[in-house]
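What the coordinates show
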Amino acid sequence: MTLTLALVPLDERPACAALPREIAAVAGARVLLPPPSALPRVRRAGDTAALADWLRSVRCDAAVVALETLGYGGLIASRTVPATVEEVAGRWSALREVRAPVHAVTLVTRTPDSDDAMEEPGYWSAHGPALHRLSASLHRLSAGQDASRPSDVPGLPDVPGVPSAQGAGIPGEPEVPDDVRGDFLRRRLRNHALNLTALGLLADGTLESLVIGADDTAVWGLATAELGWLRSWASWLGDGRVSVRPGADEAVSTLVARVLSGGTPVGFSVEAAGPLDRVAPYENMPVERTALGQIAACGGVAGSDVCLVVHVPDQSGADWAVAPPAATDARAAEKVAALVERLLGEGRRVAVADCGQPNGADPALVAALAGRGLLHRLTAYAGWNTAGNTIGTAVAHAVAVVAGQRAGTFDARAHRRLLMRRLVEDYGYMTGARAAARARLGSDPARHDHVPAGHPVLREIAAALDGLRLPGFAGLRVSGVGLPWERTFEVDFDITDNSEEGDGAC
């Protein structure tokens, strides 16, 4: 009997809505989505009432729900819609009427160091960087640190201190107007209260499991402080069904993986050819802790079913979205490839989390793996956006492989397509074709651009991706290329499979 999951995604982008379905397919399961009219569309909020009605009526074995979407209408809406705690919590009450176990994700609100308001309140265009600095100052003061110190600290306390009374007179950033500062802090307070409410839903049995995530964090910032407080509450509750860690867009995929495992945890070891204590850009903890948190989110444990090989952050400051490097460290990549080859030679399942640089794959690593004939033999690969996004995706894919093999439902073709998708998207597009498209458009890489439907650059992107040839993936072709939010940051495409039955060493 096919396992059926109902999914309320963070939004309609492929990373949130399509990737969980592709991961489930690897294990022979299917994912149902709400009607498109109920889902958000960029800054237009989804229909929360329609989403609640759909959840109450859908027939499924388990539900995976992004609480931001059910409560506000989507991820962006959770940052921009003027809803109250009472209104959002009231919408969440529909979860008590779902006729299946509910696994949920909620997020700590980000404070990006950017003046791009595409995904933020309108005042971000004028005050975004100042709000980012204010966020760091408030966290430092709450932890008893000197707010004037630079932010490149080497470590992170597990539980940041509780704000003291002196915080009431915080000088902060004088260029932030009082009304902007007030709105910014009120939204954070509301969202933090709702994150605590989500923990309450887990504690009272409404939720089967809960992931609390955060994207675009930093060592010092209010998101990091809030994650610490939420981690403390999770620890005090003593509930192993909650995972608190960096990451956002991959979170529903990790919960899909948790369901696929069927209560039999998949065991992971974490290995690397470099230091695992490095903190990746846009994160607030060593990459090893991020990995352990993502494994826990997927319901995994320490063990030997899968070896997760982490290509550690290179700390160069390179970023494939905003500051692409001219070259990356080929020697470091070769060491990772050699490690992967050794582990595969020992008969291990190997998942690779390519965290060398954010927002794309390390081309030196892909080349090293391809040169050794290893790409198609991997149990999973990912190299997109933040380290949390990358690691969570690789772990979730690996869990799907193991779960499918255990149950006799493993779909080798779906696995091969997903491996191909990640390589095409993370390496072919994010590392390669995106920069060429932005150069053609004259885009500012520090800001989101706009590419209307039918623009000639879409044909150029499609040609670049269709022309990508990866050893071990003969018969798979890219088609249907598009830009989901009419911007170059992310891409969507289909993969057609005209090959024989998939092979590889999963």
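These figures come from a predicted structure and were not determined experimentally.

This next bit is on the overall build of the protein chain. Helix and strand counts for the protein chain come out as 16 helices and 13 strands. For the protein chain, the spread of C-alpha atoms along the three principal axes comes to 65 × 50 × 45 Å. In the protein chain, 78% of the contacts between residues at least 6 apart in sequence involve partners at least 24 apart. Carbon and sulfur atoms provide 53% of the accessible area of the protein chain, an area that totals close to 18700 Å². Taken together, the 48 basic and 59 acidic charged side chains of the protein chain have centroids lying 2 Å from each other.

The subject of this paragraph is the pattern of salt bridges. Scanning all chains against the criterion turns up 31 salt bridges. For D216, the salt bridge is made with R110, and the minimal N-O distance between the two is 2.7 Å. One end of the pair, D216, is in the loop between β5 (209–214) and α9 (222–237); the other, R110, is in the loop between β4 (102–107) and α7 (124–142), with 106 residues separating them in the sequence. Residue D216 is classed as partly exposed on the basis of its relative accessible area of 23%. One network of salt bridges, with partners in common, ties together D11, R13, R79, R110, E119, E120, D215, D216, D249, R487 and E490.

Here the focus is the nonpolar core. Core analysis: the largest hydrophobic core is formed by 103 residues, its most contacted members being F268, L308, V340 and L465. Ranked by size, the runner-up nonpolar core spans 41 residues in total, among them L39, W54, A63 and A100.

This part is about the sheet that holds strand β9 (residues 306–311). An order of β8-β7-β9-β10-β11 is seen for the 5 strands of this open sheet, with the pairing classed as parallel. Of all the strands in the sheet, the pair left with one neighbour each is β8 (301–302) and β11 (380–382). Where strand β7 (residues 267–271) lies against β8, 2 bridges are found, and the strand directions are parallel. Its bridge partner lying in β8, G267 is registered against V301.

Per the counting criterion, the structure on display carries 3 aromatic pairs. Consider the rings of W233 and W236, whose centres lie 5.1 Å apart with planes at 75°: the pair is edge-to-face. A residue pair is termed a helical-turn pair when its members lie 3 or 4 positions apart in one helix, as W233 and W236 do in helix α9 at 3 residues. On the accessibility criterion, W236 (63% relative accessible area) is exposed. Among the aromatic residues, those joined into a cluster by ring pairs are Y123, W124 and F184. A cation over a ring is seen here: R13 above W485, with NZ or CZ 4.8 Å from the ring centre. In this structure, R434 is placed above the aromatic ring of F489, and the distance from its NZ or CZ to the ring centre is 5.4 Å.

Definitions and limits used
Residues numbered from 1 in each chain as written. Predicted model: local features only at pLDDT ≥ 70, side-chain atom pairs only at ≥ 80, totals over all residues. Heavy atoms only, no water. Helix = DSSP H or I, 4+ residues; strand = E, 2+ residues; numbered from the N terminus. Contact = heavy atoms within 4.5 Å. Areas by Shrake-Rupley, 256 points an atom, 1.4 Å probe, with all protein chains shown as cover. Lys, Arg positive; Asp, Glu negative; His and termini not counted. Charge placed at Lys NZ, Arg CZ, Asp CG, Glu CD. Salt bridge = Lys/Arg side-chain N within 4 Å of Asp/Glu carboxyl O. Buried < 20%, exposed > 50% of the residue type's maximum accessible area, 1.4 Å probe, protein only. Core = buried A, V, L, I, M, F, W, Y, C linked by side-chain atoms within 4.5 Å. Pairing = 2+ DSSP bridges. Phe/Tyr/Trp six-rings, centres within 6.5 Å; stacked < 30°, edge-to-face > 60°. Lys NZ or Arg CZ within 6 Å of the ring centre and 35° of its normal.

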